[in-house]
Amino acid sequence: MFQSLAGRSVIVTGASKGIGRGIALRFAAAGCGVLVVSRKLAEAEAVVAEITAAGGRARAHAADVSEPEHTAAMAAAALTAFGRLDILCANAGIFPAARLGEMTAADFDQVIGTNLKGTFLSVTACLAAMKARNTGRIILTSSITGPVTGFPGWAHYGASKAGQLGFMRTAAIELAPFGITVNAVLPGNIITEGLLGMGEDYVRGMEAAVPMRRLGTVADIANAALYFASDEAAYVTGQSLIIDGGQILPESQAALG
Ligand code: NAP
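Student: I'm lost on the pairing of strand β4 (residues 87-90) in this one. Help?
Tutor: Both faces of the sheet carry side chains from a regular strand, because those side chains alternate between them. Residues of β4 alternate between two faces, with I87 and C89 on one and L88 and A90 on the opposite face, all of them buried. Pairing of strand β1 (residues 9-13) with β4, which is carried by 3 bridges, proceeds in the parallel orientation. Paired with I11 across the strands is L88, a residue of β4. Note that β4 and strand β5 (residues 136-141) share 4 bridges and pair parallel. Bridge pairing links I87 to R137 in β5. Since β4 and β5 lie parallel, the crossover through helix α4 (residues 105-133) that links them has a hand, and here it is right-handed.

Here it is, written out as structure tokens:
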């Protein structure tokens, strides 16, 4: 049904683990050359080893997405490695918790700097290469937290994730004349190293709150990202897709039966 993405080139930020790793593996399996980006090179290299062992093409690149020189070098590295840049998955994100009253200005800056400014810097670093070929696909990893829901300790995180969608809508308008689409995946609770780090109680509580009675997998998110990257999604821009097993649907605990 879908045209092949084989031969395309994709940058995935935050790809050393979790959702980003899942996106990197999925795009590599679809035949894309993948630039695996995280701050820790050794961890990015481990994902590259996994991809190449499975017959795929990938390179590791160390970058902090909150630093403009790093994101510029990241885009250049994709062009050097694969000769083209078709797709950006701006996925890198952090979610430290701090309740209001305890949250410092530095905490707020760190989360906004990585999640929101990092999105802006990653996107703008890739534009010249995409505009030159009059085509491109940009997929942001936002969240249900912020755009739709809230959770104690994540006021800064929710603001960063809602902010990504505000950024996306204007970016989609500005980039449409260049054949570049900008869309977002909004994961619910997905089994990743980061989420498991929230602890057993958090995980069990979230499972009970999901109508499908399970947490999501990184493949659930990667498949949605793959759709936004496809030729068939060429006329879809500025949109967000919630992938949460129905988590935002119940009006109350009673609705879960
Ligand atoms: P994770 O397992 O903690 O992985 C985060 C990734 O981002 C790692 O590869 C990390 O590598 C990288 N990273 C962190 N800060 C970075 C920076 N400044 N520059 C470059 N890379 C950076 O997290 P995850 O759960 O997969 O989350 C990934 C994305 O999905 C985030 O945007 C998160 O907000 C979103 N999300 C996750 C869930 C969930 O349930 N897991 C739900 C909704 C949304 P290094 O530490 O080596 O840099």
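Student: Is there a simple way to explain the pairing of β1 in this structure?
Tutor: β1 sits mainly inside the fold: 5 of its 5 residues count as buried. On β1, burial covers both faces: S9, I11 and T13 on one face and V10 and V12 on the other are all buried. One ladder, built from 5 bridges, connects β1 with strand β2 (residues 33-38); its direction is parallel. If you follow V10 over to β2, its bridge partner there is V34. Traced from β1 through helix α1 (residues 18-29) to β2, the parallel crossover comes out right-handed.

Student: How do you make sense of unusual backbone geometry when you look at a structure like this?
Tutor: Comment: phi is negative for the bulk of residues other than glycine, and the bulk of peptide bonds are trans. Phi at N134 takes a positive value of approximately 55 degrees, unusual for a residue other than glycine. Inspection of the secondary structure assignment puts N134 in the loop between α4 and β5.

Student: How should the side chain of K161 be read in this particular structure?
Tutor: Residue position: K161 is located in helix α5 (residues 155-175). Although K161 lies buried, it forms no salt bridge, and the closest oppositely charged side chain, D64, sits 14 Å away as judged by the N-O distance. Those residues in contact with K161 that lie beyond four places of it in its chain are N115, T141, S142, S143, T145 and P147.

Scoring rules and cut-offs
- Residues numbered from 1 in each chain as written.
- Predicted model: local features only at pLDDT ≥ 70, side-chain atom pairs only at ≥ 80, totals over all residues.
- Heavy atoms only, no water.
- Buried < 20%, exposed > 50% of the residue type's maximum accessible area, 1.4 Å probe, protein only.
- Helix = DSSP H or I, 4+ residues; strand = E, 2+ residues; numbered from the N terminus.
- Pairing = 2+ DSSP bridges.
- Right-handed = clockwise from strand over helix to strand, strands pointing away.
- Lys, Arg positive; Asp, Glu negative; His and termini not counted.
- Salt bridge = Lys/Arg side-chain N within 4 Å of Asp/Glu carboxyl O.
- Contact = heavy atoms within 4.5 Å.

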